[in-house]
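# Fold and geometry: a report
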Amino acid sequence: MWKKIISIALLIFTLGCLYFMSKGAVGIISAYFLITFNVARVFMEVVAVKLLVDKSKIKTHIKEELPRKVGHMLVCFITYPMIYFSFKGTIHTIIFPALALLFVLIARPFGLLNLFKREETDDNLDSVIYLITGSLINFTIAYFNPAYLIPSALGVMSLGLGDPMACFVGKSVGKHKIYKRKTLEGTIGFIIGATIAMYIFSGLTLWKLLIVAICSAIVELYSDKYDNALIQIVCALVAFLII
């Protein structure tokens with residue numbers, strides 16, 4: 001019982017921090033601390049999910065991906081908005097992801113993030129490295145061109161829900177293969193998930209977001225292990241051109 005209480009309390013605290021960050025009420029130093037704390041909390045949540053699914057009767061092919069995809073969504077929908085609201089328009093939008101990438105590269109030889117291992121590769125940090133790299137590239141462009149800030153955010157939102165939807169829909173009901181193990185059903189799941197996530201974040205015209213989602217889905221379909229970076233980059237570029 002106490003574990004559930006602590007988990008709920010941490011979630012409320014995190015959402016509260018996110019709210020105050022969105023209002024510009026959190027200083028830079030405090031933001032660094034709170035975002036770092038949230039990253040640590042995401043890791044703990046992924047560990048908790050891993051322990052739960054190991055004891056569950058969920059199908060094995062979904063069980064293997066679930067912890068990583070949960071971490072995916074938590075980073076994209078909580079950690080990223082914290083960075084967006086706290087640092088947008090400042091050099092810190094580049095510094096924080098760069099520091100995160102440095103930490104991951106240092107941790108790489110020690111296997112500290114095995115929970116984020118892709119099932120199809122022995123390199124356990126590829127997905128994390130590419131996710132951060134894609135964000136860092138978009139953040140850097142947005143720093144020099146503020147008009148790119150919203151498109152870069154859409155790239156993260158598209159990845160955050162589209163990629164897990166593609167995985168779970170494809171593995172659950174996918175029957176019509178398009179490329180390697182990727183299916184039509186999974187691709188449709190990506191398009192729906194990405195469109196919903198981008199619309200909730202931005203409220204922009206649906207048909208434009210649908211075009212962005214379709215382009216991102218094509219990248220997800222053919223980019224293999226580089227998708228965490230390329231989805232963000234292509235999505236942001238397409239969004240910048242048509243929005």
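Look up: the structure comes first, before these words.
Along each chain, numbering runs from 1 in the same order as the chain's sequence is written. Residues qualify for local features only when their pLDDT is at least 70, as the model is predicted, and side-chain atom pairs are given and counted only at 80 or more; totals for whole chains, interfaces and linings, by contrast, use all residues. Side-chain measures here rest on the full set of heavy atoms in the structure, leaving out hydrogens and waters.

Let us look at the overall build of the protein. In this text, helices come from DSSP runs of H or I with a minimum length of four residues, and strands from runs of E with a minimum of two, each type numbered from the N-terminal end. Within the protein, the secondary structure is distributed over 10 helices and 2 strands. Of the regular secondary structure in the protein, the N- to C-terminal order runs α-α-α-α-α-α-α-β-β-α-α-α. The contact criterion used is simple: two residues touch if any of their non-hydrogen atoms lie within 4.5 Å. Considering only intrachain contacts with a sequence separation of at least 6, the fraction spanning at least 24 residues in the protein is 71%. Surface accessibility in these figures is a Shrake-Rupley result with a 1.4 Å probe; residues are shielded only by whichever protein chains are displayed. Within the structure as shown, the protein displays about 12400 Å² of accessible surface, and the carbon and sulfur contribution to it stands at 73%.

In this section: a nonpolar patch on the surface. Taken together, the side chains of I178, L184, I188, I192, I196, I200, L210, I214, I218 and Y222 present a nonpolar region at the surface, about 900 Å² in accessible area. Contributions of two or more residues to the nonpolar patch are made by α8 (184–202) and α9 (206–222). By residue number, the principal contributor to the nonpolar patch is α8, which donates 5 residues. Turning to its location among the elements, Y222 is positioned in helix α9. The class of Y222 is partly exposed, set by a relative accessible area of 46%. Patch membership needs two things, relative accessible area over 30% and no salt bridge, and members are linked within 9 Å if like-charged or within 5 Å if nonpolar (Val, Leu, Ile, Met, Phe, Trp, Tyr). One speaks of a salt bridge when a side-chain nitrogen belonging to Lys or Arg is within 4 Å of a carboxyl oxygen belonging to Asp or Glu. Classification of residues uses two cut-offs on accessible area relative to the type maximum, computed with a 1.4 Å probe and protein chains only: under 20% is buried, over 50% is exposed, and between them is partly exposed.

Attention now moves to the pattern of salt bridges. Counted by the stated rule, this structure contains 1 salt bridge. Note that E220 is salt-bridged to K182, the shortest N-O span being 3.6 Å. Of the two residues, E220 is situated in helix α9 and K182 in strand β2 (residues 182–183); the sequence distance between them amounts to 38 residues. Judged by its relative accessible area of 6%, E220 falls in the buried class. With a relative accessible area of 23%, K182 lands in the partly exposed category.

Let us look at the packing of aromatic side chains. Side-chain rings of Phe, Tyr and Trp (the six-membered ring for Trp) are treated as a pair once their centres are within 6.5 Å; stacked means planes under 30 degrees apart, edge-to-face means over 60, and tilted covers the remaining angles. Tallied over the entire structure, the rule returns 13 aromatic pairs. Ring plane angle 55 degrees and centroid distance 5.6 Å describe the contact between Y32 and F96, whose orientation is recorded as tilted. In this pair, Y32 sits in helix α2 (residues 28–55) while F96 sits in helix α5 (residues 92–107), placing the two residues 64 residues apart along the sequence. Exposure class is identical for Y32 and F96. Each is buried. Counting every residue linked through ring pairs, the aromatic cluster contains Y80, Y84, F85, F139 and F201.

Turning next to the side chain of S216. When you line up the elements, S216 lands in helix α9. Contacts described as polar in this section are N or O atom pairs within 3.5 Å, which, within protein, must combine one atom able to donate a hydrogen with one able to accept it, while residues neighboring in sequence count only if both atoms come from side chains. A polar contact is formed between the side chain of S216 and the backbone oxygen of V212, at a distance of 2.9 Å. When sequence neighbours within four positions are dropped, the list of residues in contact with S216 reads S158, F190, I231 and C235.

On to the nonpolar core. We call a set of buried Ala, Val, Leu, Ile, Met, Phe, Trp, Tyr and Cys residues a nonpolar core when their side-chain atoms join them within 4.5 Å. If you look at the biggest cluster of nonpolar residues, it comprises 49 residues, and the most contacted ones within it are I35, Y80, M82, F87 and M198. Of all the secondary structure elements, the ones that give two or more residues to this core are α1 (2–22), α2, α4 (66–87), α6 (126–144), α7 (149–173), α8, α9 and α10 (227–242). Here the element with the most residues in this core is α4; it accounts for 10 residues. Formed by 9 residues, the second largest nonpolar core is a distinct cluster that contains V128, Y130, L136 and A229.

A separate point is α4. Here a helix's expected span is defined as the number of its residues, less one, multiplied by 1.5 Å. An ideal rise of 1.5 Å per residue puts 32 Å on 22 residues; α4 measures up with 30 Å between its terminal C-alpha atoms. One axis is fitted to the seven residues ending at the residue and one to the seven starting there. The bend at that residue is the angle between these axes. The sharpest bend along α4 reaches about 35 degrees and sits at V75.

This part is about the environment of L74. Mapping L74 onto the fold places it in helix α4. Once the C-alpha coordinates of L74 and V46 are considered, the two residues, 28 residues apart in sequence, prove to be 9.2 Å apart. Residues in contact with L74, not counting those within four places in the same chain, are V42, E45 and T79.

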